[in-house]
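The residues making up each chain are set out below.
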Amino acid sequence: MGSSGKSRSSFQSFFCALWAGLILASTGQGLRLLTNVALNKPATMSSQDPVHGAGPQSVVDGDKSTHVSRCAHSLNDGTETRPDRWWRVDLQGLFHVHQVVITNFDNEDGLWWLSNFYILLDRNIYNSSSGRQQSSRQCLHHPKKFSDGATVTLSCSQPTAGRYVTLVIDRTATPLSFCEMAVLAVPAKLAGKVPRHSGKKATADVIKTTWARSVTVCITTCVKEPSCTAVNLQSETAATGETALRVCQLLMNYMPHMLQPENGWDFFELNNIRPVK
């Protein structure tokens, strides 16, 4: 096939991707396909109105209906005591987020506008009752109001890595209400060193216990587990034989005060692994 044929084929492929509603982003590895990584992922919010709305999970169900009964709606003024109101989705993996697509609900009386909000990303959630974490990274701030029933695509100031995507508004006089969010992202590649804490073991929640022949195998298993942020690994001296299997505990909800001295164990926290583009 000549060069003109190849160009035509490339153009047709690109056009088909656009027609299918897919988006290409320029990254360090060239053009990569952005997909909605939030679809049907676990979602939570600061509060839920028991009368209005369908709960936080309705925002990632793929239904762009703008009726309030199909949208997320927090408690009204006077019943919400938090300093901010927020909605959060767990992507169950680490991604470079490029854009979010948000659908506002059809607000007939114009009282509850979605406006002046932030999109934040986190690798871990240490305070599940707060919209902001100490480690939160801002994807974008949108100060303007959404029109009734509008669907708007917003871009991060730069691609931002994280597992948890949170929409936060800093006011209590207005409920947080919106219908749908798509998170357009690509999987993040990881790099970095994981320090060993010899003779120590964490008392964090154990996701599961498995077997590993090496540190690399144990840590790789953790990376593949959506909730895993650290591991306890039986030390080489505690195992029997040079190639003996070692107990590998995959941990979640680890906090620094949970690390305790324990002979025969080593501890590794994966927060030092950084995403690379």
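In this text, all values refer to a predicted model and were calculated from it rather than measured experimentally. (Residues numbered from 1 in each chain as written. Predicted model: local features only at pLDDT ≥ 70, side-chain atom pairs only at ≥ 80, totals over all residues. Heavy atoms only, no water.)

**Focus: the confidence of the model for the protein**
Per-residue confidence for the protein averages 81 on the pLDDT scale, and 77% of its residues sit at or above 70. Note on residues 1-21: pLDDT is under 50 here. Beyond four places in sequence and across chains, it has three contacts. (pLDDT = per-residue confidence, 0-100. Contact = heavy atoms within 4.5 Å.)

**Topic: helix H2 (residues 215-224)**
Residues of H2 that are buried include every one of Val-215, Cys-218, Ile-219 and Cys-222, and no others. Seen along its axis, H2 keeps its buried residues to an arc of 90 degrees; they face one direction. Those residues of H2 that are exposed and aimed more than 90 degrees away from the buried face are Thr-216 and Lys-224. Those residues of H2 that are buried lie in contact with strand S12 (196-202), strand S13 (205-212), strand S14 (230-234), strand S15 (246-252) and strand S16 (259-269). (Buried < 20%, exposed > 50% of the residue type's maximum accessible area, 1.4 Å probe, protein only. Helix = DSSP H or I, 4+ residues; strand = E, 2+ residues; numbered from the N terminus. Arc of directions from axis to C-beta.)

**Remarks on the state of the cysteines**
Within the structure shown, the criterion is met by four disulfides. What pairs with Cys-139 in a disulfide is Cys-156, and their sulfur atoms sit 1.9 Å apart. Here the disulfide of Cys-139 and Cys-156 is left-handed, its torsion about the S-S bond being about -90 degrees. Of the two residues, Cys-139 is situated in strand S7 (residues 137-142) and Cys-156 in strand S8 (residues 151-169); the sequence distance between them amounts to 17 residues. (Disulfide = S-S within 2.5 Å.)

**With respect to the nonpolar core**
In terms of nonpolar packing, the biggest core is built from 31 residues, with Trp-87, Ile-102, Phe-117, Ile-119, Leu-167 and Met-181 touching the most fellow members. Looking at this core, the elements that each hand over two or more residues are strand S3 (43-45), strand S5 (85-103), strand S6 (117-122), S7, S8 and strand S10 (180-187). Among the elements that line this core, the one with the most residues is S5, at seven residues. If we ignore the near neighbours within four places in the chain, the residues touching Ile-119 are Val-100, Ile-102, Arg-137, Gln-138, Cys-139, Leu-140, Val-165, Thr-166, Leu-167 and Met-181. (Core = buried A, V, L, I, M, F, W, Y, C linked by side-chain atoms within 4.5 Å.)

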